[in-house]
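Descriptive analysis of the structure
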Amino acid sequence: MKALLSPLMLGALFAATTLIAPEARAQASVKPAAATAPAKFTELAKTPQMGWNTWNTFACDINEQLIRESADALVSSGMREAGYVYVNIDDCWHGKRDENGFIQPDPQRFPSGMKALADYVHARGLKLGIYSDAGAHTCAGKPGSRGYEYQDALTYARWGIDYLKYDWCDTDGLNARGAYTTMRDALRAAGRPILFALCEWGDNKPWEWAADVGHSWRTTGDIYPCWDCDFNRGTWSSWGVLPILDKQAGLRKFSGPGRWNDMDMMEVGKGMTEDEDKAHFSIWAMMNSPLIAGNDIRKMSATTRKILTNRAIIALNQDERGIQAWRFMNDGQLDMYAKPLANGEWALMFLNRADKARSYRFDWDEHELKDEFTHNQVHFGKVRHSFTELWSGATGDTARPYAMNVPAHGVVVLHLRPR
């Protein structure tokens, strides 16, 4: 095995060879391992990150043409203007390490190199994300970052990478907190602000320790494009929309600006019904999960595009207060979630888990909401609000009970403003 370069040697090498931007190069050469306690880049992810990722649709079938076309599609579809700015390359971009241990992109898949691809993405007002793993190998068997954290972080800085999704395969013997902290420190030493997304699947309860390590952390295993299923893959399972939602119980107190509970990439446009897609998108928005699309955005239907670019639903996710919703009530298969927003506003989501549509009458005078976590409260019978239903556009107020019809596997989402 080749001897690894020390962080100090790495800083000097990058400074000498002008492999990274001058401002990053200065930091890497002078202080590659920070003298004070390193920290994540706190200016990032003040609201949940938004973008697109290759894995859910393409898995390992990726190349630079796909990334360029998808970046163009983010712009032409209106998704960029709606807030989707990260173009994230998942597993399988890796080639081999060179004689000094620096990772190279697969020369057949990415012949122009990652720096040229980053330049292409940046020129379109977007940001480029990449993937690695805390273990010796990624989940697809490509070279992981174990033992090469500082080299990989400096390489990403050199390429102009803006986002790192960091997985948890082939990690026997590793301590999760230690492994992710090492990469956090490496990213800081490299000097380029890179959003750090922990993909540890919730196995080691990252919500309890990762607030100063990363900007988001996965709370469950992988998602699957179904409403309510456990897709058994032998030694592990993928989960549908409802199982992932239910696994968020008790986690909202750990979420906030710069530290988000990640419910995994979205499956909107991947085969569920329109109502299920609307519910899926609404749930992710209400729960402040990162909004990372996983469909083929080059070929999506007008319906899928309309769902993913619903500005009113996105605004709930991007609200500056960053408060995750909680379930305040349940009536059989109908769940009711509340989310405090900026300026004394609220969002309510009525979620029908059942296979049949549900008619429901909500009497505002009977409900006082109290958020024990943030201490926000409101009594709709005493403080009147006007509201808009964010999928139909219907409007109303809380002066009279609200009669609604919630589709099977669907939602009604209200944005309420004090009158």
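Residues numbered from 1 in each chain as written. Predicted model: local features only at pLDDT ≥ 70, side-chain atom pairs only at ≥ 80, totals over all residues. Heavy atoms only, no water.

1. What to know about the sheet that holds strand 20 (residues 395-397)
Inclusion rule: At least two bridges found by DSSP between two strands is the condition for calling them paired. Numbering of helices and strands runs from the N terminus, with a helix taken as a DSSP run of H or I at least four residues long and a strand as a DSSP run of E at least two residues long. For helices, the axis comes from a line fit to the C-alpha atoms of the stretch in contact; other axes are also lines fit to C-alpha atoms, and the angle between any two N-to-C directions lies between 0 and 180 degrees. Note on contacts: a residue pair qualifies if any of its non-hydrogen atoms lie within 4.5 Å across the two residues.
If you walk across this open sheet you meet the 6 strands as 13-14-15-22-19-20, and the pairing is antiparallel. Two strands lie at the open edges of the sheet, namely strand 13 (326-331) and strand 20, each paired on one side alone. Taken over all neighbouring pairs, the strand axes of this sheet differ in orientation by 25° on average, direction set aside. Note that strand 19 (residues 385-389) and strand 20 share 3 bridges and pair antiparallel. When the sheet's bridge partners are listed, Ser386 is paired in strand 20 with Asp397. Packing of helix 10 (residues 274-286) onto the sheet brings it into contact with strand 14 (334-340), strand 15 (346-352) and strand 22 (411-418), and relative to strand 15 it is tilted by some 140°.

2. Examining the packing of helix 4 (residues 64-76) against helix 6 (residues 114-122)
Short version of the rule: Reported orientations rely on four angle classes, namely roughly parallel under 35 degrees, roughly antiparallel over 145, roughly perpendicular from 65 to 115, and oblique for the rest. Following the grouping adopted for this structure description, the nonpolar residues are Ala, Val, Leu, Ile, Met, Phe, Trp, Tyr, Cys and Pro, the charged ones are Asp, Glu, Lys and Arg, and the polar ones are all others, Gly among them.
Contact geometry of helix 4 with helix 6 gives a least axis separation of 10 Å together with a crossing angle of 10°. By the criterion of interaxial angle, the relationship of helix 4 to helix 6 is roughly parallel. On the side of helix 4, the interface is formed by Glu64, Ile67, Arg68, Ala71 and Asp72, while helix 6 contributes Ala116, Leu117, Tyr120 and Val121. Within the contact of helix 4 with helix 6, the residues separate by chemical class into 6 nonpolar, no polar and 3 charged.

3. A word on the side chain of Arg252
The condition is simple: Exposure categories follow from relative accessible area, calculated using a 1.4 Å probe and restricted to protein chains: below 20% of the type maximum is buried, above 50% is exposed, and the middle band is partly exposed.
In this fold, Arg252 is placed in the loop between helix 9 (241-246) and strand 11 (260-262). In this structure Arg252 comes out as buried when scored by relative accessible area, which is 13%. The contacts of Arg252, once residues within four sequence positions are left out, are Asn261, Ile323, Gln324, Ala325, Trp326, Asp371 and Phe373.

4. Comments concerning the packing of aromatic side chains
We describe a pair of aromatic rings using the distance from one ring centre to the other and the angle between the two ring planes. As a reminder of what qualifies: Pairing of aromatic side chains here covers Phe, Tyr and the six-membered ring of Trp, requires ring centres within 6.5 Å, and sorts the geometry by plane angle: under 30 degrees stacked, over 60 edge-to-face, intermediate tilted. Geometrically, a charge over a ring is one whose NZ (Lys) or CZ (Arg) sits within 6 Å of the ring centre while staying within 35 degrees of the ring normal.
Applying the stated criterion across every chain yields a total of 16 aromatic pairs. Considering the side-chain rings of Tyr224 and Phe231, the 4.1 Å spacing of their centres and the 5° angle between planes classify their relative orientation as stacked. Note on Phe231: relative accessible area 32%, which makes it partly exposed. Here a set of aromatic residues connected by ring pairs shows up, and it is made of Phe350, Phe362, Trp364, Phe380, Phe387 and Tyr402. Directly above the ring of Tyr120 sits Arg124, whose terminal nitrogen or CZ lies 3.5 Å from the centroid.

5. Comments concerning the pattern of salt bridges
What counts, and what does not: By convention in these notes, a salt bridge is any Lys or Arg side-chain nitrogen within 4 Å of a carboxyl oxygen on Asp or Glu.
For the coordinates displayed, the defined rule picks out 23 salt bridges. Linking Arg298 and Glu69 is a salt bridge whose minimum nitrogen-to-oxygen distance equals 2.6 Å. In this pair, Arg298 is assigned in the loop between strand 12 (291-293) and helix 11 (302-308) and Glu69 in helix 4, connecting sequence segments 229 residues apart. For Arg298, a relative accessible area of 31% gives the class partly exposed. Residue Asp397 is joined to Arg400 by a salt bridge in which the shortest nitrogen-to-oxygen separation is 3.2 Å. For Asp397, a relative accessible area of 17% translates into the label buried. A network of salt bridges, in which partner residues are shared, links Asp246, Arg327, Asp335 and Arg353.

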